[in-house]
Protein chains: 2
Amino acid sequence: MEKKIVKNFEEKLRNKGYRNTEQRQAVLSAIIDNQGRHLSTEEIYDIVKANSPDIGLATVYRTLLLLEEMNLIHKVDFNDGRSRYELNKSNEEHLHHHLVCTQCGSIHEVKDDLLEQLEKQIHEKNGFLVTNHSVKFYGLCSECQKNNSQKTYQKT
Amino acid sequence: MEKKIVKNFEEKLRNKGYRNTEQRQAVLSAIIDNQGRHLSTEEIYDIVKANSPDIGLATVYRTLLLLEEMNLIHKVDFNDGRSRYELNKSNEEHLHHHLVCTQCGSIHEVKDDLLEQLEKQIHEKNGFLVTNHSVKFYGLCSECQKNNSQKTYQKT
DNA sequence: ATTCATGCAAATCGTTTGCAACCCA
DNA sequence: TGGGTTGCAAACGATTTGCATGAAT
């Protein structure tokens, strides 16, 4: 499936008259190889630099913009002051939300499709045509809940 | 109802040994007086400066952090590169989502409570305790949809 | 009087941009 | 060859911070 993404990328580059460079391939590969990790730009930069030490941070920024424009990735924001990116899945399975632990910062994903009907409602009632959504739940992961109850014991 | 918020604020300040200053009152008032406008820090600064020209931008930033810590406001992010803030409503009615138009940037609000059951499911299945959520729908507002179909005609 | 809060300016951090060198098509 | 692409460094914009002054308790 990763090869499909790469092919798609190369094709879209050609269509727009853009060039298929090593750096662009490397950035896309880094994201594909780390699915589910929600890498920040700097993290992607570090990964790519391991194999291509000469790449510049600006190139990574520019490539991410390009990949976003081509709908291959999208930005996710976890309020930590930096942009993170996620590979776009094929339409059928793109419905997942993020659980952000406000204590340890861990991110978990949940699959769900309750949102579809909600989006229909929104179109009917508000005339607003939904093309994308961002859903995040903040709270405590099970790990932190455990730790917290332990701490209560230790305090005595 | 605004007075309730202000009382609440003053009480929380005292509880924590913080001080009730003119600047803090002014920032909170600006937010209360502009509910639904999703003001950015700079916009709040400009509003407050109209009556208190000597206030510093840093004070506004610090006060917003304080108000957030006290759970009186929360941050909303519309991907425009700046933080915006919204007053926290009482628990019963805090469920509304944002419709962000990707063309004109307008923000509409939708009331909804479909999320409650979803949050229960999440707790049961994932052991994650949801305390807050952020839900945004991106797409085209009715206005822009209209304009777009007009443009199609004009192109001929 | 003490200690917290303020305003200002400088510092910081993520991101963008100008430009000369570079390299894919 | 020529125009998109790169790396570097400088520029940028939002936010934070250090510090001396000022004000609330």
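To start, this report covers the structure provided alongside it. (Residues numbered from 1 in each chain as written. Chains lettered and ligands numbered in written order. Predicted model: local features only at pLDDT ≥ 70, side-chain atom pairs only at ≥ 80, totals over all residues. Heavy atoms only, no water.)

### Points about the sheet that holds strand S5 (residues 129-140) of chain B
Consideration 1: Strand order across the open sheet formed by 6 strands is S4(A)-S3(A)-S5(A)-S5(B)-S3(B)-S4(B), with mixed pairing between neighbours. Among the strands making up the open sheet, the edge pair consists of strand S4 (107-111) of chain A together with strand S4 (107-111) of chain B. Sheet twist, expressed as the average angle between the axes of neighbouring strands with direction ignored, equals 25 degrees.
Consideration 2: Relative to S5 of chain B, strand S3 (residues 96-101) of chain B is paired through 4 bridges, and the arrangement is parallel. Along S5 of chain B, the bridge assignment pairs Cys101 of chain B with Gly139 of chain B.
Consideration 3: Packed onto the sheet, helix H5 (residues 115-126) of chain A meets strand S3 (96-101) and strand S5 (129-140) of chain A together with S3, S4 and S5 of chain B and runs at close to 130 degrees relative to S5 of chain A. (Pairing = 2+ DSSP bridges. Helix = DSSP H or I, 4+ residues; strand = E, 2+ residues; numbered from the N terminus. Axes fitted to C-alpha atoms, helices over the stretch in contact; angles between N-to-C directions. Contact = heavy atoms within 4.5 Å.)

### A closer look at the relation of the copies chain A and chain B
Consideration 1: Superposing chain A onto chain B requires a rotation of 179 degrees together with a translation of 0.0 Å along the rotation axis, leaving an RMSD of 0.2 Å. Such a turn and shift between the copies fits a two-fold axis. Identified as the residue of chain A closest to the rotation axis by C-alpha distance is Val135 of chain A, at 2.2 Å.
Consideration 2: Taken as a fraction of all interface residues of chain A, those also at the interface in chain B reach 97%, which identifies the copy contact as same-surface. (Least-squares fit on C-alpha atoms with pLDDT ≥ 70 in both.)

### Considering the environment of Arg84 of chain A
Residues and elements named next belong to chain A.
Consideration 1: Tracing the backbone through its elements, the reader meets Arg84 in strand S2 (residues 84-87).
Consideration 2: Relative accessible area serves as the criterion here: at 12%, Arg84 is assigned to the buried category.
Consideration 3: The spacing of Arg84 and Leu39 is 45 residues in sequence and 5.3 Å in space, taken between C-alpha atoms.
Consideration 4: Sequence-distant contacts of Arg84, defined by excluding residues within four places in its chain, comprise His38, Leu39, Ser40, Glu43, His74, Lys75, Val76 and Phe78. (Buried < 20%, exposed > 50% of the residue type's maximum accessible area, 1.4 Å probe, protein only.)

### Notes on the interface of chain A and chain B
Consideration 1: Chain A puts 32 residues into the contact, and the matching count from chain B is 31 residues.
Consideration 2: Run the count over chain A and chain B and you get 0 salt bridges.
Consideration 3: The interface formed by chain A and chain B includes 10 residue pairs in polar contact (both at pLDDT 80 or more).
Consideration 4: Elements with a contribution of two residues or more to the side of chain A that touches chain B: S3, H5, S5 and helix H6 (142-154) of chain A.
Consideration 5: Of all the elements, S5 of chain A adds the most residues to the side of chain A that touches chain B, at 12 residues.
Consideration 6: Its residues placed into classes, the side of chain A that touches chain B shows 16 nonpolar, 12 polar and 4 charged. (Salt bridge = Lys/Arg side-chain N within 4 Å of Asp/Glu carboxyl O. Polar contact = N/O pair within 3.5 Å; in protein donor to acceptor, adjacent residues only side chain to side chain. Nonpolar A, V, L, I, M, F, W, Y, C, P; charged D, E, K, R; others polar.)

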